[in-house]
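# Examining the three-dimensional arrangement
These are the residues of each chain, in order.
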Amino acid sequence: MERDIGLLKESIAALQLAAEALGEVAAAKEAELDETKAVGEALTAKLAEWEEAVAARDAKLKEMDAALTETRKRLDEAIGRLKQAGAR
């Protein structure tokens, strides 16, 4: 009986040590998870910034394309008038 009690005490002590070790591992994993979440949030914010920048760039490119098209149209008209004036 005393031997069984001794074995039970040893088992309980081993289980307590294992529980403490698991607690430490869980705390470390939780800290790692918190850090990963923070990095994810920062990346999400940066992605939103990039999306805004790309949208602004696209809008500017459309404006420049429209201006270029209009300039090309005026140039074609001017070339047509010069050709007509040269033909006279």
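## Some details on the overall build of the protein
If you tally the helices and strands in the protein, you get 1 helix and 0 strands. For 88 residues, the compact-globule estimate of 2.2 N^0.38 gives 12 Å, and the C-alpha radius of gyration of the protein, at 37 Å, exceeds that figure by more than 25%. With respect to the principal axes defined by its C-alpha atoms, the protein has extents near 125 × 15 × 10 Å. Side-chain charges in the protein split into 14 positive and 19 negative, and the spacing between the mean points of these groups amounts to 20 Å.

## Brief notes about the pattern of salt bridges
Counted by the stated rule, this structure contains 3 salt bridges. Measuring nitrogen to oxygen at the nearest pair gives 3.5 Å for the salt bridge that ties K46 to E49. In this pair, K46 and E49 both sit in helix α1 (residues 2-87), 3 residues apart, roughly one turn of the helix. Two residues, R72 and D76, come together in a salt bridge whose shortest N-O distance is 3.3 Å. With R72 and D76 both in helix α1 and 4 residues apart, this pair spans about one turn of that helix. The exposure class assigned to D76 is partly exposed, which follows from its relative accessible area of 39%.

## Observations concerning a nonpolar patch on the surface
A contiguous nonpolar patch, built from L47, W50 and V54 and spanning about 320 Å² of accessible area, is present on the exposed surface. Tracing the sequence through the fold places V54 in helix α1. Looking at V54, the relative accessible area reads 33%, which means it is partly exposed.

What counts and what doesn't
- Residues numbered from 1 in each chain as written.
- Predicted model: local features only at pLDDT ≥ 70, side-chain atom pairs only at ≥ 80, totals over all residues.
- Heavy atoms only, no water.
- Helix = DSSP H or I, 4+ residues; strand = E, 2+ residues; numbered from the N terminus.
- Rg over C-alpha atoms; globule rule 2.2 N^0.38 Å.
- Lys, Arg positive; Asp, Glu negative; His and termini not counted.
- Charge placed at Lys NZ, Arg CZ, Asp CG, Glu CD.
- Salt bridge = Lys/Arg side-chain N within 4 Å of Asp/Glu carboxyl O.
- Buried < 20%, exposed > 50% of the residue type's maximum accessible area, 1.4 Å probe, protein only.
- Patch = residues over 30% accessible without salt bridge, like charges linked within 9 Å, V, L, I, M, F, W, Y side chains within 5 Å.
- Areas by Shrake-Rupley, 256 points an atom, 1.4 Å probe, with all protein chains shown as cover.

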